[in-house]
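What follows is the residue order along each chain.
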Amino acid sequence: MFRCRVPAFILSIFFMVCSFVSVSNAASETKEIKIVASFYPMYIMAKNVVKDVPGVSVQNLTPPLTGCLHDYTVTTNDMKKLADAQVFVANGAGMESFLDKIIAGHPNIKIIQLAGGIPLIKGEGNEGDNPHLWVSISNAIIQVKNLGKAMGEFDSSHKELYAKNTANYVAKLEALRQKMHSELAPYKGRSIITFHEAFPYFAQEFGFNIAAVVEREPGSEPSAKELAETIDLIKKNGILPLFSEPQYPAAAAQTIAEETGAKVYVLDPAVTGPDDYDAYINIMENNLKVLKQVFQN
Ligand SMILES: [Zn+2]
């Protein structure tokens with residue numbers, strides 16, 4: 001009798017422990033984390049940092065063709081995406097003017113801002129800091145590292161996976177940076193004219209001088225006076241390459257081109273694009289191609 005009861009007792013404890021372990025395993029496997037990124041460049045970073053982490057999904061808050069956020073007003077539809085989200089990824093540095101609204105409306109969401117550790121460039125006049133950080137590859141690397149670290153802390157059971165994904169993506173970005181630096185080195189100090197205030201960090205990284213910005217705020221056409229000033233500036237400086245952006249109507253750039261004989265090229269600040277892990281890298285590779293073509297002429 002006794003010989004029979006002891007193993008049964010031990011066996012039942014063994015099964016209790018086993019079932020407890022399997023329940024807690026199942027719980028950690030199915031723990032769902034939904035990350036919402038404020039706009040496209042943050043979304044692509046989050047996709048790369050999360051990649052294969054189980055149970056974690058990434059969504060873009062704003063519609064794909066929104067472009068730069070600036071004065072963007074979040075819609076009811078956008079806000080719905082936050083209802084079941086645990087993490088909100090923002091660029092910070094003033095890009096998300098609606099950030100306070102999100103913090104107030106969703107006090108339980110972890111807000112991760114990626115601008116930390118990046119020296120900001122002040123906008124002109126009474127404009128605040130320029131928020132277009134990711135357009136510089138070096139800044140994008142810092143932002144990706146910030147996100148990887150923050151996600152590893154937030155979802156610590158997958159810390160190593162986030163670290164691995166972050167390191168893989170950073171390695172690709174570092175290769176891109178090195179390639180762009182070596183291929184653009186001969187054109188250091190060249191002047192360009194851009195379409196909106198998206199390129200100061202890019203210009204700083206590669207040593208270009210932005211001689212003028214055609215349109216300060218996307219969506220607001222430059223005034224006749226601003227247009228005339230830009231045309232004057234181009235005429236005075238000799239013909240400078242003029243860069244439009246795929247996200248904005250190029251009417252003003254076209255007018256300037258016609259008045260001055262300057263050629264219009266497209267430089268992409270990576271604020272829209274395909275839903276693809278390497279989208280940012282491909283956009284920058286294309287910018288590199290365009291710049292080389294422009295400066296070789
Ligand atoms: Zn912008």
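Residues numbered from 1 in each chain as written. Predicted model: local features only at pLDDT ≥ 70, side-chain atom pairs only at ≥ 80, totals over all residues. Heavy atoms only, no water.

Undergrad: Describe the sheet that holds strand 2 (residues 56-60), and please don't skip the residues or the numbers.
TA: Strand order in the open sheet made by the four strands is 2-1-3-4, with parallel pairing throughout. The open sheet has two free edges, formed respectively by strand 2 and strand 4 (110-113), since each of these has just one partner strand. If you compare each strand with its neighbour and ignore which way they point, the axes differ by 20° on average. For strand 3 (residues 87-90) and strand 4, the ladder comprises four bridges, and the chain directions are parallel. Opposite phenylalanine 88, over in strand 4, you have isoleucine 111 as the bridge partner. Each of strand 1 (33-37), strand 2 and strand 3 is contacted by helix 2 (residues 40-50), which is oriented at about 170° to strand 2, the strand it contacts most. (Pairing = 2+ DSSP bridges. Helix = DSSP H or I, 4+ residues; strand = E, 2+ residues; numbered from the N terminus. Axes fitted to C-alpha atoms, helices over the stretch in contact; angles between N-to-C directions. Contact = heavy atoms within 4.5 Å.)

Undergrad: Account for the sheet that holds strand 5 (residues 191-194), with residues named and values stated.
TA: Across a sheet, strands are paired by hydrogen bonds formed along the backbone, either parallel or antiparallel in direction. Across the sheet, which stays open at both edges, the four strands sit in the order 6-5-7-8 with parallel pairing between neighbours. Every interior strand has two partners, whereas the edge strands, strand 6 (209-213) and strand 8 (264-266), have only one. Strand-to-strand twist across the sheet, computed as the mean angle between neighbouring axes with direction ignored, equals 35°. Direction of pairing for strand 7 (residues 242-244) relative to strand 8: parallel, over a ladder of three bridges. The residue of strand 8 that forms the bridge with phenylalanine 243 is tyrosine 265.

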